[in-house]
Amino acid sequence: MKIDMVIEELKNFCTENTKGDKEIFNTIQKDFLDGQIGVMMNKNTNNDDIEVYLYMKSKNNIVCPLLLKKFISDFDATNYYDEVVNLIDNNSEEYIINRCKIGL
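Residues numbered from 1 in each chain as written. Predicted model: local features only at pLDDT ≥ 70, side-chain atom pairs only at ≥ 80, totals over all residues. Heavy atoms only, no water.

Colleague: I tried to follow the pattern of salt bridges on my own but got confused; where do I start?
Modeller: Pairing of side chains with opposite charge becomes possible as their charged atoms draw close. Applying the stated criterion to the full structure yields four salt bridges. For Glu 8, the salt bridge identified is with Lys 11, shortest N-O distance 3.3 Å. Look at Lys 11 and you get partly exposed, because its relative accessible area is 36%. (Salt bridge = Lys/Arg side-chain N within 4 Å of Asp/Glu carboxyl O. Buried < 20%, exposed > 50% of the residue type's maximum accessible area, 1.4 Å probe, protein only.)

Okay, structure coming up:
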């Protein structure tokens, strides 16, 4: 399966996200199919909420945010970040794609 096909399939599962100035707290990226997959933890500088989400990208295409959750607590955000990193580190490509469709 090609990453661009997965990206197109998952675009309907993205969550609406607020735009604004964000500071990256933590991030990880790794190879996935013929592209990359990653997890981001950002802090919104306007209201101090923390967002964690998964993304997938190819050379010319990206799908994000997937599995987006927002937090006030650094502790809760870090726990969810670790959960999503564990998802991409320890599961098959098919399982990860399906979890993006149904959520964690």
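There's plenty left to go through after this.
Colleague: What's the story with the nonpolar core in this structure? I'm lost.
Modeller: Generally speaking, a soluble globular protein has its nonpolar side chains buried in company with each other. By size, the foremost hydrophobic cluster in this structure holds 26 residues, and its most contacted members are Leu 10, Val 52, Leu 54 and Met 56. Elements with a contribution of two residues or more to this core: helix 1 (3-10), strand 2 (35-44), strand 3 (50-57), strand 4 (62-71), helix 2 (74-89) and helix 3 (93-102). Among the elements that make up this core, the one with the highest residue count is helix 2 (seven residues). (Core = buried A, V, L, I, M, F, W, Y, C linked by side-chain atoms within 4.5 Å. Helix = DSSP H or I, 4+ residues; strand = E, 2+ residues; numbered from the N terminus.)

Colleague: What exactly am I supposed to notice about the packing of helix 1 against helix 3 here?
Modeller: To describe two helices that pack against each other, one gives the angle between their axes and the distance between the axes. Interhelical geometry of helix 1 versus helix 3 gives an angle of 15° and a closest axis separation of 11 Å. The angle between helix 1 and helix 3 falls in the class roughly parallel. Considering the relative orientation of helix 1 and helix 3, their crossing is right-handed. Taken together, the residues of helix 3 that come into contact with helix 1 (itself represented by Val 6, Glu 9 and Leu 10) are Ile 97, Cys 100 and Lys 101. (Axes fitted to C-alpha atoms, helices over the stretch in contact; angles between N-to-C directions. Parallel < 35°, antiparallel > 145°, perpendicular 65-115°, else oblique. Left-handed = near helix turned anticlockwise from the far one by under 90°. Contact = heavy atoms within 4.5 Å.)

Colleague: Can you walk me through the environment of Ile 72 in this structure?
Modeller: On the secondary structure map, Ile 72 appears in the loop between strand 4 and helix 2. Separated by 10 residues in the primary sequence, Ile 72 and Ile 62 have C-alpha atoms spaced 27 Å apart.

Colleague: I tried to follow the sheet that holds strand 2 on my own but got confused; where do I start?
Modeller: Each strand in a sheet pairs with its neighbour through backbone hydrogen bonds, running either in the same direction (parallel) or in the opposite one (antiparallel). Taken in spatial order, the four strands make up an open sheet running 1-2-3-4, and their pairing is antiparallel. This sheet does not close on itself; its edge strands, each paired only once, are strand 1 (22-32) and strand 4. Mean inter-strand twist for the sheet, computed between neighbouring axes without regard to direction, equals 15°. Where strand 3 meets strand 4, six bridges bridge the pair, whose relative direction is antiparallel. When the bridges of strand 4 are listed, Glu 51 appears paired with Lys 70. Each of strand 1, strand 2, strand 3 and strand 4 is contacted by helix 1, which is oriented at about 135° to strand 3, the strand it contacts most. (Pairing = 2+ DSSP bridges.)

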